[in-house]
There are 2 protein chains.
Amino acid sequence: MQTIEQLLESKNIRVTAMRLLIYKFLAEKQVAVTLSDIENAFDKADRTTLYRTVKTFEESTIVHQIDDGTGITKYALCEKGCNCDIETDLHLHFHCNNCNETVCLTEHKIPQIKVPNGFISEDINLVVKGVCDKCSGL
Amino acid sequence: MQTIEQLLESKNIRVTAMRLLIYKFLAEKQVAVTLSDIENAFDKADRTTLYRTVKTFEESTIVHQIDDGTGITKYALCEKGCNCDIETDLHLHFHCNNCNETVCLTEHKIPQIKVPNGFISEDINLVVKGVCDKCSGL
DNA sequence: TTATAAATGCACTTCCGTTGCATTGTATTT
DNA sequence: AAATACAATGCAACGGAAGTGCATTTATAA
Ligand SMILES: [Mn+2]
Ligand SMILES: [Mn+2]
Ligand SMILES: [Zn+2]
Ligand SMILES: [Zn+2]
């Protein structure tokens with residue numbers, strides 16, 4: 001088990017206080033977060049720093065971006081061994097219409113999707129919307 | 001075969017010049033269009049009118065909205081017999097990373113997606129990204 | 001024709017993402 | 001240790017797209 005510091009260093013990302021804090025924040029969250037979420041969690045830090053930190057993480061396959069259809073970009077930590085950079089992360093995402101939260105369903109891979117002749121599939125974004133387990137009470 | 005006028009009247013939407021023009025514009029386009037696309041096609045008309053027209057169409061299941069991940073909302077005519085309003089339109093969308101166009105693949109329905117226990121699926125958004133038939137040359 | 005309501009146009013706002021640039025902090029070299 | 005070089009952070013501003021309030025025009029109905 002490697003530390004966060006080791007992870008960052010392995011990706012050639014300098015270890016700073018902010019980056020450690022933001023990483024920990026993402027790690028303890030069970031849901032995808034928006035930039036505003038991070039902003040609210042770190043009042044003292046500037047929006048831009050948070051934005052660039054997340055972007056840095058994204059470029060190094062530490063987090064992946066999620067477009068859940070709300071119009072607001074969300075972020076979540078990549079699983080270890082995730083290959084977002086070379087091929088798309090094929091797990092699906094679930095957006096709850098009730099609590100408005102979005103989660104990675106990393107266990108649920110996206111099935112093979114057929115496209116018409118002449119079309120070349122390179123990436124797939126699949127978002128299921130409905131009611132999450134916390135809200136459904138099932 | 002019903003006329004556009006008849007279609008609008010059947011949905012209790014008043015027939016206006018703008019609405020007929022915008023409908024025809026959408027009908028002759030083979031790809032999903034942005035509000036800016038419509039704006040460029042109708043210089044004289046105001047953005048707000050176009051915006052509200054499309055929204056009116058959307059509320060009456062004449063067009064459906066497409067979130068292809070570009071961050072810009074796109075619109076396309078619904079097929080006849082489409083049930084966007086009561087259940088989600090289950091066809092998938094394809095976004096070309098080369099020409100940046102998005103098309104409805106109405107023939108390609110979204111397969112059944114399994115979600116974990118406790119989750120209730122109500123709607124699915126599936127966007128395949130890659131190279132379209134025009135750009136691939138295949 | 002007049003009264004009523006909807007459609008359109010104009011101005012303005014908000015929200016999110018993004019960038020330029022100055023400043024601070026860190027690491028490396030001399 | 002001091003000087004240097006470069007990256008990280010903070011502040012301010014911008015831009016695009018979606019959305020809203022209100023006045024005006026246009027269509028429908030009485
Ligand atoms: Mn995910
Ligand atoms: Mn479609
Ligand atoms: Zn929920
Ligand atoms: Zn193309």
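Named according to an unreviewed UniProt entry, chain A is Transcriptional regulator originating from Flavivirga aquatica.

Draft legend 1. Expanded view of the overall build of chain A. Assigned secondary structure in chain A consists of five helices and six strands. If you list the helices and strands of chain A from N to C, you get α-α-β-α-α-β-β-β-β-β-α. Its C-alpha atoms give chain A principal-axis dimensions of roughly 50 × 35 × 30 Å. Burial status across chain A gives 43% buried among its 138 residues. Summarising the internal contacts of chain A: among those between residues at least 6 apart in sequence, 52% fall at separations of at least 24. As displayed, chain A has an accessible area near 8,000 Å², and 45% of this comes from carbon and sulfur atoms. Positive and negative side-chain charges in chain A, numbering 15 and 20 respectively, have mean positions lying 3 Å apart.

Draft legend 2. Spotlight on the protein's contact with DNA strand C. Of all residues adjacent to DNA strand C, which total 16 residues, the nearest are R47 and Y51 of chain A together with T16, R19 and T49 of chain B. Within the side chain of T49 of chain B, a nitrogen or oxygen atom sits 2.8 Å from a phosphate oxygen of DNA strand C. Secondary structure elements with two or more residues in the surface near DNA strand C: α4 (47-59) of chain A together with α2 (17-28) and α4 (47-59) of chain B. The element best represented in the surface near DNA strand C is α4 of chain A, accounting for five residues.

Draft legend 3. Here's a closer look at the layout of surface pockets. Roughly 960 Å³ of internal volume is contained in the second largest pocket. The residue inventory of the lining of the second largest pocket, partitioned by class, reads 24 nonpolar, seven polar and nine charged.

Draft legend 4. Looking closely at the pattern of salt bridges. Residue and element names in this part refer to chain A. Under the defined criterion, the tally for this structure stands at six salt bridges over all chains. Salt-bridge contacts for R47 lead to E39; the nearest nitrogen and oxygen are separated by 3.4 Å. Of the residues examined, E39 reaches a relative accessible area of 23% and is grouped as partly exposed. The salt bridge involving D68 is made with K74; its shortest N-O contact spans 3.0 Å. Judged by relative accessible area, which is 1%, D68 ranks as buried. Of the residues examined, K74 reaches a relative accessible area of 5% and is grouped as buried.

Draft legend 5. Highlighting the sheet that holds strand β6 (residues 120-131) of chain B. The strand order β5(A)-β4(A)-β6(A)-β6(B)-β4(B)-β5(B) describes an open sheet built from six strands, whose pairing is mixed. On the outer flanks of this sheet lie β5 (102-109) of chain A together with β5 (102-109) of chain B, each paired with one strand and no other. Across the sheet, the mean angle from the axis of one strand to that of its neighbour is 30°, orientation sign disregarded.

Draft legend 6. Summary view of the confidence of the model for chain A. Chain-level pLDDT for chain A is 92 on average; 96% of the residues reach the 70-or-more range. Here β5 of chain A stands out as the least confident element of chain A, with mean pLDDT 92; strand β1 (residues 33-34) of chain A is the most confident, with 98.

Draft legend 7. View of the coordination of the manganese ion (ligand 1). All names here are of chain A. Looking at the manganese ion (ligand 1), one finds its protein donor set to be H64 (NE2), H91 (NE2), H93 (NE2) and C104 (SG), positioned 2.0 to 2.3 Å from the metal centre. Read in sequence order, the donor residues coordinating the manganese ion (ligand 1) give the pattern H-x26-H-x1-H-x10-C. Here the residue H64 occupies a position in strand β2 (residues 63-66), and H93 occupies one in strand β4 (residues 91-96), the gap between them amounting to 29 residues. Just as H64 is buried, H93 falls in that class too.

Draft legend 8. Quick peek at the relation of the copies chain B and chain A. For the pair chain B and chain A, the superposition axis carries a translation of 0.0 Å, the fit reaches an RMSD of 0.1 Å, and the rotation angle comes to 180°. Both copies are brought into coincidence by an operation consistent with a two-fold rotation axis. Relative to the rotation axis, the C-alpha of L126 of chain B is the closest in chain B, positioned 2.3 Å from it. With an isologous cut-off of 70% or more, the 100% of interface residues of chain B that recur at the interface of chain A puts this contact in the isologous class.

Draft legend 9. How the structure looks around the sheet that holds strand β3 (residues 74-77) of chain A. Residue and element names in this part refer to chain A. Strands sit in the order β1-β3-β2 across an open sheet of three strands; the sheet is antiparallel. Single-partner strands in this sheet number two, and they are β1 and β2. In this structure, β2 lies alongside β3, joined through four bridges in antiparallel fashion. Bridge pairing in β3 places H64 opposite A76. Along the sheet, helix α2 (residues 17-28) contacts β1, β2 and β3; its crossing angle with β3, the most-contacted strand, is approximately 90°. The strands touched by α4 are β2 and β3; relative to β2, the strand with the most contacts, the crossing angle is about 105°.

Draft legend 10. Examining the coordination of the zinc ion (ligand 4) more closely. Residue and element names in this part refer to chain B. The zinc ion (ligand 4) binds to the protein through C96 (SG), C99 (SG), C132 (SG) and C135 (SG), with metal-donor distances spanning 2.2 to 2.5 Å. The sequence motif formed by the donor residues of the zinc ion (ligand 4) is C-x2-C-x32-C-x2-C. Of this pair, C96 sits in strand β4 (residues 91-96) while C132 sits in the loop between β6 and α5 (133-136), and the two are 36 residues apart along the sequence.

Quick notes on the rules
- Residues numbered from 1 in each chain as written.
- Chains lettered and ligands numbered in written order.
- Predicted model: local features only at pLDDT ≥ 70, side-chain atom pairs only at ≥ 80, totals over all residues.
- Heavy atoms only, no water.
- Helix = DSSP H or I, 4+ residues; strand = E, 2+ residues; numbered from the N terminus.
- Buried < 20%, exposed > 50% of the residue type's maximum accessible area, 1.4 Å probe, protein only.
- Contact = heavy atoms within 4.5 Å.
- Areas by Shrake-Rupley, 256 points an atom, 1.4 Å probe, with all protein chains shown as cover.
- Lys, Arg positive; Asp, Glu negative; His and termini not counted.
- Charge placed at Lys NZ, Arg CZ, Asp CG, Glu CD.
- Near = heavy atom within 4 Å.
- Polar contact = N/O pair within 3.5 Å; in protein donor to acceptor, adjacent residues only side chain to side chain.
- 1 Å grid on protein atoms, 1.4 Å probe; cavity = no way out; pocket = protein on both sides within 12 Å on 5 of 7 lines; lining within 4 Å.
- Points joined across faces, edges and corners; volume = space filled by probe spheres on them.
- Nonpolar A, V, L, I, M, F, W, Y, C, P; charged D, E, K, R; others polar.
- Salt bridge = Lys/Arg side-chain N within 4 Å of Asp/Glu carboxyl O.
- Pairing = 2+ DSSP bridges.
- Axes fitted to C-alpha atoms, helices over the stretch in contact; angles between N-to-C directions.
- pLDDT = per-residue confidence, 0-100.
- Donors = N, O, S within 2.8 Å, 3.2 Å for Na, K, Ca; no water.
- Least-squares fit on C-alpha atoms with pLDDT ≥ 70 in both.

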